[in-house]
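# Coordinates in review
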Amino acid sequence: MSHDPELTDDWEYTLQVPSDPMAPCIARRTLRTIFEEHGFLELADTAELLTSELVTNAYRYSDGPASVRVKREGDRVRVAVWDTNPRLPALDGVALPDGDGEDDGAERGRGLGLVQWCADSWGGFALRDQPQGLVGKLIWFELGAPAAG
């Protein structure tokens, strides 16, 4: 699938981003490059959108840095965003705004709805008292290449 025969089939990248309003933009651009270079162009737009939503949430709702991990396993790519806030958002019952134009908080709260709607699978978990001292939360999603045949 990759452009370069020297590249391995499975790969992993981690991007560390500061608590900065530019973090979502930097994460989007980095992710697009990874997806393009590894031959997952058909998934790049969706991956960019969902990563941007998760990194934006990390910036808005945590006080520290965040990291984005992108990992390919076979025909699937998993993107995970870690931040320093251990408070896990409600993962059940998230939904997209109904689009009727009424102000029902549509500017906030739809990011996880987009992740749920667009990703092949997704989830999250809080990190507390980890041996490495890592605390916070991790929200992830997976996208898969179209099945052959």
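Residues numbered from 1 in each chain as written. Predicted model: local features only at pLDDT ≥ 70, side-chain atom pairs only at ≥ 80, totals over all residues. Heavy atoms only, no water.

An unreviewed UniProt entry lists the protein chain under the name ATPase, with Streptomyces mashuensis as the source organism.

### A short note on the nonpolar core
Phe 35, Val 70, Val 79 and Phe 141 are the most contacted members of the largest nonpolar core, which totals 29 residues. Breaking this core down by element, the ones donating at least two residues are helix H1 (23–37), helix H2 (41–61), strand S2 (66–73), strand S3 (76–83), helix H3 (111–118) and strand S5 (136–144). It is H2 that provides the largest number of residues to this core, a total of seven residues. Apart from the residues within four sequence positions on either side, Phe 141 is in contact with Ala 47, Leu 50, Thr 51, Leu 54, Val 77, Arg 78, Val 79, Val 115, Ala 119, Ser 121 and Trp 122. Counting residues in hydrophobic clusters, the runner-up holds five residues, among them Ala 80, Trp 82, Leu 127 and Leu 138. (Core = buried A, V, L, I, M, F, W, Y, C linked by side-chain atoms within 4.5 Å. Buried < 20%, exposed > 50% of the residue type's maximum accessible area, 1.4 Å probe, protein only. Helix = DSSP H or I, 4+ residues; strand = E, 2+ residues; numbered from the N terminus. Contact = heavy atoms within 4.5 Å.)

### Quick notes on the packing of H1 against H2
Direction vectors running N to C along H1 and H2 enclose 155°, while the axes themselves pass 9 Å from each other. By the angle between their axes, H1 is roughly antiparallel relative to H2. Of the two elements, H1 crosses H2, and the hand of that crossing is right-handed. Note on element contacts: H2 touches H1 through Leu 41, Leu 43, Ala 44, Asp 45, Ala 47, Glu 48, Thr 51, Ser 52, Val 55 and Thr 56, opposite Ala 23, Pro 24, Ala 27, Arg 28, Leu 31, Arg 32, Phe 35 and Glu 36. Along the lines of polarity and charge, the residues of the contact of H1 with H2 split into 10 nonpolar, three polar and five charged. (Axes fitted to C-alpha atoms, helices over the stretch in contact; angles between N-to-C directions. Parallel < 35°, antiparallel > 145°, perpendicular 65-115°, else oblique. Left-handed = near helix turned anticlockwise from the far one by under 90°. Nonpolar A, V, L, I, M, F, W, Y, C, P; charged D, E, K, R; others polar.)

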